[in-house]
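# Tertiary structure, described
In case you want the letters, here they are:
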Amino acid sequence: ILSDRDLDFASLRPGPPEFQLAGDTDRIALTCAELGVDATDLELPVPLDRTAYRRSVAHLTTRGLIENGRLTRYGRQIEALPVDRPWAELLVHADAEQLPLVAGASGIDSLHRMTREVRDLHGVLVPGSDHLTAYNLLAEAVNSCGRIGEVHGLPRHLFDETQLAEWAERRGVLMKAIEDGALGMASAYRALDTQLPDVLPFADHRLQARFIDLVARIEPFDLVLDEQTADGQNVRISKTSVAGTWGAVAGTLRYFADRSGVARASIEGTTVPYELLRTYAVPGPTTVVLTRHKQRQELALARRLQYFGFELERSMDRIQGEIPAAYLDEAGSVLADALLAGSVEHPYRARLDRALTALDEYWKRSGGALSGIDRTSLLVLVRAQLDDVTSWEEFQRTPVQIDVTALVPAEARAHLDALPSSLHLRGDAAPLEYEVREGQGIVRVYLREGQARRLREGELPALDRALVFAVRRRGDVIQAETVAALQDLLERSGPAAAGRNDKLSRRHQSHRREPKGFRGRGPRGRPRR
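Residues numbered from 1 in each chain as written. Predicted model: local features only at pLDDT ≥ 70, side-chain atom pairs only at ≥ 80, totals over all residues. Heavy atoms only, no water.

To continue, consider the packing of helix 12 (residues 328–341) against helix 14 (residues 375–384). Between two packed helices, what matters for the description is the angle formed by their axes and the separation of those axes. Their axes nearest at 9 Å, the elements helix 12 and helix 14 cross at an angle of 125°. In terms of axis orientation, helix 12 runs oblique to helix 14. Our pair here, helix 12 against helix 14, has a crossing hand that is right-handed. On helix 14, the residues that touch Leu328, Asp329, Gly332, Ser333, Ala336, Asp337, Leu339 and Leu340 of helix 12 are Arg375, Leu378, Leu379, Val382 and Arg383. Here the contact of helix 12 with helix 14 is composed, by residue class, of 7 nonpolar, 2 polar and 4 charged. (Axes fitted to C-alpha atoms, helices over the stretch in contact; angles between N-to-C directions. Helix = DSSP H or I, 4+ residues; strand = E, 2+ residues; numbered from the N terminus. Parallel < 35°, antiparallel > 145°, perpendicular 65-115°, else oblique. Left-handed = near helix turned anticlockwise from the far one by under 90°. Contact = heavy atoms within 4.5 Å. Nonpolar A, V, L, I, M, F, W, Y, C, P; charged D, E, K, R; others polar.)

This is the structure in structure tokens:
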């Protein structure tokens, strides 16, 4: 306990522990796995982003750090290192030659935050790698201004403040970033029980190639390929980054808001060339897909080459004749799903579409109360009819049907069919559309704009569910929960104001006088005289 208070240690008594989890979700997930607890079950003083936590646990499980909620041997090695999880993974796999580069770069937050707006990177710049450029700055500072010393028992590089200040001013580098980098490097070496080198090697072309190979082989960072993440998010290379847009960039994603307040993402890190991606890519699972060959559909086996979530290559092998036994079950599921989606050719497709449309309308009219007609139940029903299918030709000969009368009892059908399909308002009909929203049944009333403007609340009939009022205008739908709210939206967004402005504009143009002798305009817009 570090305190300037006068404490009577003999009188201290143990009390209930109070703790708080803080930091990035990877660190929280590792800490909880080490303790053998699930953070989603804890009541914490500060709310935990449980979705991000579960995502981190799943990600660390796929990387082999967590198994059955506990740290693996590899996970314990990573958790014990005093650096962020991606750098800790690189430290564990780095050899003696790569260690200074990884340990030095691990203590630097980013090249952007390390340097000022005006900076001089001549002689230290490593094209394509922010990590190594930042390391080279640290190495130059250590080799020119530093020496090995010891602080509180920790061997580390100490700097001559005057020399470091002059060097940092010339390079446009923040002194604190250099000191933090040296401290982080010393902590990493002590955790690995390795002697800290007096002189740091410079990251030349050979060491750069070895570092990039290590990054490509382990790939613990955020990854962007062709300025997109694996889930399709657009990411741009940071303006101050020296990484290239070719190949993949492994580094740290940072989020910011642009001038319009729109969330954007940028990345800085190390560029990994395409040939290394293919070197360390692994074959993905072979799956059954629907494809088209010479204007006809057929089944095929899709084989993918994947690199940490990205699909680098896909090849298709047509299934001709019998479906291989290992893929029969998957093929049946693919065909059943395609039948429900209406995306596969089949003699019974039109009848299936009619049955699915009827069931969907019954489900909406029931407010979601009907059971046994949801997509999962219908998929099981259709899949059962394809159990004996062993080829595409046999699939085309197999009858597939959905009996609406068997799925929806006659009494329920009679009740749902009796529900009105339109409302009569002031002698005119307004069509109704039934929907289920957030588990509750609603009915949308489609009105013409003139109807909506003249309608009053007292003229509406009572129905068994909530009404939503809508007007179609120029391809858009304007809707509201009440008639008054809809009329207000029409007034504010309607063509009335625009019409008035157009009328004033035309009136202004009609009163504009043309020059005397004006007889219209010629083919090039010049006035005729």
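Moving on, we get to the packing of aromatic side chains. On inspection of all chains with the given rule, the structure shows 3 aromatic pairs. Summarising the aromatic geometry, the rings of Trp87 and Phe221 are spaced 5.1 Å apart at their centres and angled 75° between planes, so their arrangement reads as edge-to-face. With Trp87 in helix 4 (residues 85–93) and Phe221 in the loop between helix 10 (205–218) and strand 5 (222–225), this pair connects stretches of sequence that are 134 residues apart. Residues Trp87 and Phe221 agree in their burial class; the two are buried. Judged by centre distance (5.4 Å) and plane angle (50°), the rings of Trp392 and Phe395 are tilted. In this pair, Trp392 and Phe395 both sit in helix 15 (residues 392–397), 3 residues apart, roughly one turn of the helix. The burial state of Trp392 is the same as that of Phe395; both residues are buried. Directly above the ring of Tyr348 sits Arg351, whose terminal nitrogen or CZ lies 3.9 Å from the centroid. Over the aromatic face of Tyr446 sits the side chain of Arg472, whose NZ or CZ is 3.9 Å from the ring centroid. (Phe/Tyr/Trp six-rings, centres within 6.5 Å; stacked < 30°, edge-to-face > 60°. Buried < 20%, exposed > 50% of the residue type's maximum accessible area, 1.4 Å probe, protein only. Lys NZ or Arg CZ within 6 Å of the ring centre and 35° of its normal.)

All right, on to the environment of Ser106 then. You can see Ser106 is positioned in helix 5 (residues 99–106). For Ser106, a relative accessible area of 12% puts it in the buried group. Not counting chain neighbours up to four residues away, the residues in contact with Ser106 comprise Val83 and Trp87.

Below, the discussion takes up helix 14. The periodicity of an α-helix, 3.6 residues per turn, causes residues three or four positions apart to be oriented the same way. Every buried residue of helix 14 is listed here: Leu378, Val382 and Arg383. One side of helix 14 carries all its buried residues, which in axial view fall inside an arc of 135°. In this structure, helix 14 carries Thr376 and Val380 as exposed residues pointing more than 90 degrees from its buried face. Packing partners of the buried residues in helix 14 comprise helix 12, helix 13 (349–365) and helix 16 (404–407). Among the residues of helix 14, the N-terminal cap falls to Asp374, whose side-chain oxygen and the backbone nitrogen of Thr376 are separated by 3.2 Å. (Arc of directions from axis to C-beta. Polar contact = N/O pair within 3.5 Å; in protein donor to acceptor, adjacent residues only side chain to side chain.)

Below, the discussion takes up the pattern of salt bridges. Pairing is possible between side chains that carry opposite charge, provided their charged atoms lie close to one another. Tallied over the entire structure, the rule returns 35 salt bridges. A salt bridge links Glu97 to Arg210; the shortest N-O distance between them is 2.6 Å. One end of the pair, Glu97, is in the loop between helix 4 and helix 5; the other, Arg210, is in helix 10, with 113 residues separating them in the sequence. The exposure class assigned to Glu97 is partly exposed, which follows from its relative accessible area of 29%. (Salt bridge = Lys/Arg side-chain N within 4 Å of Asp/Glu carboxyl O.)

Along the polypeptide, Ser241 turns up in the loop between strand 6 (236–237) and strand 7 (248–257). For Ser241, a relative accessible area of 14% translates into the label buried. A polar side-chain atom of Ser241 sits 2.6 Å from a polar atom in the side chain of Asp130. Looking at Ser241, its side chain comes within polar contact range of the main-chain nitrogen of Ala243, at 3.0 Å. Residues contacting Ser241, with those up to four places away along its chain left out, are Asp130, Ile267, Glu268 and Gly269.

Attention shifts here to the sheet that holds strand 15 (residues 440–447). Note on sheets: strands pair through backbone hydrogen bonds, and any given pair is parallel or antiparallel. Strands sit in the order 13-14-15-16-17 across an open sheet of 5 strands; the sheet is mixed. At either margin of the open sheet sits one strand with a lone partner, and together these are strand 13 (422–425) and strand 17 (476–480). Taking the axes of each pair of neighbouring strands and ignoring which way they run, one obtains an average angle of 35° across the sheet. Of the strand pairs in this sheet, strand 14 (residues 428–437) and strand 15 are connected by 6 bridges, and their pairing is antiparallel. Paired with Leu432 across the strands is Val445, a residue of strand 15. The strands touched by helix 19 (residues 483–493) within the sheet are strand 15, strand 16 (466–473) and strand 17, with strand 17 carrying the most contacts at an inclination of about 140°. (Pairing = 2+ DSSP bridges.)

All right, on to the side chain of Glu79 then. Tracing the sequence through the fold places Glu79 in helix 3 (residues 73–79). By relative accessible area, which is 18% here, Glu79 ends up buried. In this structure Glu79 touches Arg27, Leu30, Thr31, Glu34 and Leu71, once residues within four positions along its chain are discounted.

On to the environment of Ile442. Mapped onto the elements, Ile442 comes out in strand 15. For Ile442, a relative accessible area of 4% puts it in the buried group. The spatial distance from the C-alpha of Ile442 to the C-alpha of Ser422 is 14 Å, given a sequence separation of 20 residues. Excluding its chain neighbours within four sequence positions, the residues that come into contact with Ile442 are Glu433, Tyr434, Glu435, Arg437, Arg465, Ala466 and Val468.

Okay, the sheet that holds strand 8 (residues 263–272) next. Taken in spatial order, the 4 strands line up as 5-7-8-6 in an open sheet, and their pairing is mixed. Only two strands of the sheet have a single neighbouring strand rather than two, namely strand 5 and strand 6. Looking at chain direction, strand 7 and strand 8 are connected through 10 bridges and run antiparallel. For Ala257, the partnering residue across the bridge sits in strand 8 and is Ala263. Packing against the sheet, helix 7 (residues 130–145) makes contact with strand 7 and strand 8, and its axis sits at approximately 70° to strand 8.

Counting 78 residues, the largest nonpolar core has Trp167 and Ile178 as its most contacted members. One finds Val344, Val445, Val471 and Leu490 within the second-largest nonpolar core, a separate group that totals 50 residues. (Core = buried A, V, L, I, M, F, W, Y, C linked by side-chain atoms within 4.5 Å.)

Orientation of helix 5 relative to helix 9 (residues 175–191), taken along the N-to-C sense of each, is 130°, at an axis distance of 7 Å. With respect to their mutual orientation, helix 5 and helix 9 come out oblique. The way helix 5 lies across helix 9 gives a crossing that is right-handed. Where helix 5 abuts helix 9, its residues Leu99, Pro100, Ala103 and Gly104 lie against Met185, Ala188 and Tyr189. Partitioned by chemical class, the residues of the contact of helix 5 with helix 9 number 6 nonpolar, 1 polar and no charged.

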